[in-house]
Amino acid sequence: MLRIESVLGSRSDPAMHEAIHHLEHHHAVEFVTVAVGDLDRRRLMARTDKGEEVAITLPRDQKLHDGAVLVLDHHRAVIVRAGEQRWLRFTPRSASDALELGYHAGNLHWRVRFDGEDLLVAQDGQASAYAARIEQLISGGRVEMSEEAE
Amino acid sequence: MDTRTSTHSPSPSRVGAARIGIGGPVGSGKTALIERLIPAFAARGVSLAIVTNDLVTAEDAERIRRSGLIDPARVAAVEAGACPHTVIREDPTLNIAAADDLEALFPDVELILIESGGDNLASTFSLDLVDWWMFVIDVAGGDDIPRKNGPGVLKCDLLVVNKTDLAPYVGVDLAAMAAQAATARAGRPMALTNCRSNEGVDAIADRIVSDVLFR
Ligand SMILES: Nc1nc2c(ncn2[C@@H]2O[C@H](COP(=O)(O)OP(=O)(O)OP(=O)(O)O)[C@@H](O)[C@H]2O)c(=O)[nH]1
Ligand SMILES: [Mg+2]
């Protein structure tokens, strides 16, 4: 098991970029995929794409992120890759439906993005759990929900 | 402050104690579980400290300090005011400070348990405050609680269903309640406990030692 106690930097850091690039040519770069919802954790068990277990424990002032470099030496690099964030698309029928949808999204602490006349909500768990929270809007045909990948 | 950076040596900032949240409705048995976990962690050689949150008193902290189970100085109280979820989610500053203080006072501490004030099923912990959290409900609260899809029940790392001893008295079918909870949580972990007679507590301590302390 690999034990990680700090983030060394970001793969885009100029100082690291070159070394990582070199290792890539030798197929010596491994990735640890971390679900978006787990990136905020300071303690986490994960696995590299080559199957090695990684126990991550970070100091309170550090955080994981997409591209965080966990290991970098002459033999290999281990880098965090953020998992895919799924989004739910909510399409309100009218301005008043949009107003009500917006109220609920805020009240429910949903993480949102705006896309024209649609509201995108970061999905964490089953889509049906989101639909259930705004059941009257959905069943009344006032808001439509669809799933999409980023 | 040391600001050296090197690609080949670890950063100088220190990995602190693991922090675990314990949330759940009023009276579900959060403090009772802590009182059971203290000796369980002692038996596993885990150095512990505790932060409790109460609305406007330090009732739970006083209760744990008086229990004789742990050095009273290792128990800190945070007064949450009217809004118990705010201090564990939106603005956990007070709890972070309390945990930091305990770590400074007791540098050997490996694990800090943070008990939230009793709240509703929507309360969740910020991952800035804790690394992992459990949500304690009890069978007397009704076997329909897992079906109500409260964010606390759905999102916690471990759902604890406490007071299993009361199931026959409140007409709760434990197996059915557990099955519904498993469905609602898409199979994520759950534990059944009876803090009166210390059932199910060792399994929780073991899980925390392996899943959070990685040993
Ligand atoms: N029968 C039974 N009673 C329990 C059990 N666990 C806790 N209790 C009782 O339930 C009551 C509430 O327990 P606490 O541990 O204070 O609950 P809490 O969740 O900390 O409560 P708050 O901090 O006020 O939200 C107490 O009277 C406990 O003795 C259990 O497993 N079985
Ligand atoms: Mg309590």
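## Comments concerning the site of ligand 1
All names here are of chain B.
Right, on to step 1. Every one of the 19 residues lining ligand 1 counts as a neighbour, but Lys30, Thr31, Ala32, Asp165 and Cys195 are closest to it.
Right, on to step 2. The backbone of Gly29 places a nitrogen or oxygen atom 2.9 Å from an oxygen atom of ligand 1.
Right, on to step 3. When the free accessible area of ligand 1 is taken as 660 Å², the share hidden by the protein chains comes to 77%.
Right, on to step 4. Counting residues per element, the ones that place at least two in the shell around ligand 1 are α1 (30-43) and α2 (59-66).
Right, on to step 5. In terms of residue count, the dominant contributor to the shell around ligand 1 is α1 (three residues).
Right, on to step 6. Split by residue class, the shell around ligand 1 holds five nonpolar, seven polar and seven charged.

## A short note on the pattern of salt bridges
Right, on to step 1. Per the stated rule, a full pass over the model turns up 31 salt bridges over all chains.
Right, on to step 2. We note a salt bridge from Glu24 of chain A to Arg11 of chain A, for which the minimum N-O separation is 3.0 Å. Of this pair, Glu24 of chain A sits in helix α1 (residues 14-25) while Arg11 of chain A sits in the loop between β2 (9-10) and α1, placing them 13 residues apart in sequence.
Right, on to step 3. With relative accessibility at 33%, the residue Glu24 of chain A sits in the partly exposed group.
Right, on to step 4. Given the relative accessible area of 30%, Arg11 of chain A is considered partly exposed.
Right, on to step 5. Residue Arg93 of chain A pairs with Asp97 of chain A through a salt bridge whose shortest N-O separation is 3.9 Å.
Right, on to step 6. Judged by relative accessible area, which is 60%, Arg93 of chain A ranks as exposed.
Right, on to step 7. Note on Asp97 of chain A: relative accessible area 3%, which makes it buried.
Right, on to step 8. Sharing partners across several salt bridges, the network here consists of Asp38 and Arg41 of chain A together with Asp157 and Arg188 of chain B.

## Side note on the coordination of the magnesium ion (ligand 2)
Residue and element names in this part refer to chain B.
Right, on to step 1. On the protein side, the magnesium ion (ligand 2) has Thr31 (OG1), Asp60 (OD) and Glu115 (OE) as donor atoms, found 2.0 to 2.2 Å from it.
Right, on to step 2. Counting along the primary sequence, the residues that act as donors to the magnesium ion (ligand 2) give the motif T-x28-D-x54-E. Highlighted residues: Thr31 in helix α1 and Asp60 in helix α2, separated in sequence by 29 residues. The residues Thr31 and Asp60 share a single accessibility class, namely buried.

## Brief notes about the confidence of the model for chain A
Right, on to step 1. Considering every residue of chain A, the mean pLDDT works out to 94; 99% of them sit at 70 or more.
Right, on to step 2. Confidence, read as mean pLDDT per element, is least for strand β11 (residues 143-149) of chain A in chain A (89) and greatest for strand β6 (residues 68-72) of chain A (98).

## Section: helix α2 (residues 95-107) of chain A
Counting along an α-helix, one turn takes 3.6 residues, and residues three or four places apart therefore face a common direction.
Right, on to step 1. With 13 residues, α2 of chain A should cover 18 Å at 1.5 Å per step; its first-to-last C-alpha distance of 18 Å lies within 8% of that length.
Right, on to step 2. Just beyond α2 of chain A, the residue with positive phi is His109 of chain A, at close to 60°.

## Section: the interface of chain B and chain A
Right, on to step 1. Residue-level contacts link 27 residues of chain B with 28 residues of chain A.
Right, on to step 2. Interface area for chain B against chain A, summed over the two sides, is near 2,200 Å², with a carbon-plus-sulfur share of 49%.
Right, on to step 3. Across the chain B-chain A interface, the total number found is six salt bridges.
Right, on to step 4. Notably, a salt bridge pairs Arg42 of chain A with Asp128 of chain B, separated by 3.6 Å at the nearest N-O pair.

Criteria and cut-off values
- Residues numbered from 1 in each chain as written.
- Chains lettered and ligands numbered in written order.
- Predicted model: local features only at pLDDT ≥ 70, side-chain atom pairs only at ≥ 80, totals over all residues.
- Heavy atoms only, no water.
- Near = heavy atom within 4 Å.
- Polar contact = N/O pair within 3.5 Å; in protein donor to acceptor, adjacent residues only side chain to side chain.
- Areas by Shrake-Rupley, 256 points an atom, 1.4 Å probe, with all protein chains shown as cover.
- Helix = DSSP H or I, 4+ residues; strand = E, 2+ residues; numbered from the N terminus.
- Nonpolar A, V, L, I, M, F, W, Y, C, P; charged D, E, K, R; others polar.
- Salt bridge = Lys/Arg side-chain N within 4 Å of Asp/Glu carboxyl O.
- Buried < 20%, exposed > 50% of the residue type's maximum accessible area, 1.4 Å probe, protein only.
- Donors = N, O, S within 2.8 Å, 3.2 Å for Na, K, Ca; no water.
- pLDDT = per-residue confidence, 0-100.
- Expected span 1.5 Å × (residues − 1).
- Contact = heavy atoms within 4.5 Å.
- Buried area = accessible area lost by both parts, 1.4 Å probe.

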